[in-house]
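Spelled out, the chains give:
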Amino acid sequence: MMVSRDYIESVIAKQMRIDGRKFDEYRKIEIEYGVSSKSAEGSARVKIGDTEVVAGVKLELGSPFSDKPGEGSIMVNVELLPLSSPLFESGPPSIDAIELSRVTDRGIRESKAIDFKKLCVREGEKVWLIFIDIYPINAGGNLFDACGLVALAALRDAVFPKLDGDKIDYHVKTKTKVPLTKLPISCTVWKVNNELIVDPCLEEEMASNARLSVVYTEAGEICAMQKGGDSPLTSEEIAQILDLAEIKSQELRRHFK
Amino acid sequence: MKYTKRIDGRKFDELRAMKAEVGVVKNAVGSARFQIGKTVAIAAVYGPKDLFPKFLQKPQSARLRCNYNMMAFSGSGERVRPGANRRSKEISMVIEKAFEPVLDLSEFPKAVVDVYIELIQTDAGTRCAGICAASLALADAGFDMKDLVCAVSCGLVGDQVVVDLDKPEEDFEGGAVDIPIAMLPRTGEITLLQLDGEISKEDLKKAIEAGKEACKKIYEVQKAALRAKYAQEVVA
């Protein structure tokens, strides 16, 4: 179903949403672990309403960055599969895919949810690199929050493979979990027709002219933000968004309990 | 080398457990998920839509374009680097050819129909699982088709003819021959045939016959999946 921007705006103006939700109401969220447990070191599927994303974690050994010889690293990659939407095309990553990857990456990296020092195998030589690959299966709005949730879910599911000297035996998994110490949750608030809503469906997302993603840790610290869209946000709106996102991120975090 | 008992305990002509579901990607015109053992494929169909550049257009019919891709975390060893490679391009091409005899797109001249196949988890037999999923997705999309397409690998493990090799069997130290085939179940015609390994003419014939029998079982699973979606819609 595709509906016009005018229609979306007129419904929002009546303090309603086209699918009957409240402005601050998420669609049904489901998290499933181990969707690629044979292949990946950790994996998960997240559904938010019609939106479905899968993620897998692969661990590799690599050289550390020269300025951080005793630390491993993560790499988040979101690929907007044309399988998941008629709006996505094949080819090199679009700017939307790059933004999603980087915002998801920042939430995990800057919250220090993963202790990079614990990923060190031999200082200056060998460290663990964590690759988190995220793919939408059905893109039905709010990929930002879906990607944030599925990355965390896959990391929670992840264990180290067996290390045989400097070689990884991918067929043998250890019981050692990837050191995930915090749960930074991304909540994106969208401005549609001067109202603030969360978790837009695809039509609402396309009718929106500004958004702000805010990532909160359980301690209530903000660890990453990203504003998007063509319209500006006032300081009052930003303050409102921060409050709303804090409440909603706590609500989202309950799905991990 | 003798192969007297299959690694996972199956009979020599026994397929791994299968699961098929139609209509798994809401955005797509047609879609399906096909799982055989631990290999999981999703296919989604989009189109018909305009095809550019123009020289690719076919005057009498729409062009079928398949795209096979393994998710980065879906391999059995290291991370698979994202993006197309020689292997995925070749597989995409042979999958297209596997559908050519059954799919009638003459209603949509000059257009293109895209089939995207993604592997979430792999344990050998990925192109065959992809074809089984794509076949269901194309049927779900409602295009004119003379038949479904069923696909499975058959071949030799050691000295034994088997069907539906898994990864440990493909890697069997006594040698293995992997023969992916795709079959049109109503006529028994073969639309995809590849072979990796070394095999006698007699064993090859035996393997293909075993593969054809296995395809008939896949056909039943595919039909049941389509019925599960469309019988429900009729009742509703």
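Enquirer: Got a sec to walk through helix H2 (residues 95–110) of chain A? Specific residues and values, please.
Expert: Residues and elements named next belong to chain A. Compared with the 22 Å implied by 1.5 Å per residue over 16 residues, the 22 Å span of H2 between its first and last C-alpha is a close match. Looking only at H2, the buried set comprises Leu100, Ser101, Val103, Thr104, Gly107 and Ile108. Turning to H2, the residues buried within the fold contact strand E4 (73–78), strand E6 (126–138), helix H3 (143–157), strand E9 (185–192), strand E11 (210–216) and strand E12 (222–228). Of the residues trailing H2, Lys112 is marked for its positive phi of about 55°.

Enquirer: Give a detailed account of the environment of Thr126 of chain B, specifying residues and quantitative values.
Expert: Residues and elements named next belong to chain B. If you trace the backbone, Thr126 turns up in helix H2 (residues 126–141). Since 24 C-beta atoms lie within 10 Å of it, Thr126 is described here as buried. Not counting residues up to four positions away in its chain, the partners in contact with Thr126 are Thr39, Ala41, Met70 and Leu119.

Enquirer: Give a detailed account of the sheet that holds E11 of chain A, specifying residues and quantitative values.
Expert: Residues and elements named next belong to chain A. The strand order across the open sheet formed by four strands is E10-E9-E11-E12, and the pairing between neighbours is antiparallel. Each edge of the open sheet carries a strand with a single partner, namely strand E10 (195–198) and E12. Averaged over all pairs of adjacent strands, the angle between their axes in this sheet comes to 20°, without regard to strand direction. For E11 and E12, the ladder comprises six bridges, and the chain directions are antiparallel. Bridge pairing links Leu212 to Lys227 in E12. H2 contacts E9, E11 and E12 of the sheet and is inclined by roughly 165° relative to E12.

About the thresholds
- Residues numbered from 1 in each chain as written.
- Chains lettered and ligands numbered in written order.
- Predicted model: local features only at pLDDT ≥ 70, side-chain atom pairs only at ≥ 80, totals over all residues.
- Helix = DSSP H or I, 4+ residues; strand = E, 2+ residues; numbered from the N terminus.
- Expected span 1.5 Å × (residues − 1).
- Buried ≥ 20, exposed ≤ 12 C-beta atoms within 10 Å, placed from the backbone.
- Contact = placed C-beta atoms within 7 Å.
- Pairing = 2+ DSSP bridges.
- Axes fitted to C-alpha atoms, helices over the stretch in contact; angles between N-to-C directions.

Nothing here speaks to function; it is all geometry.
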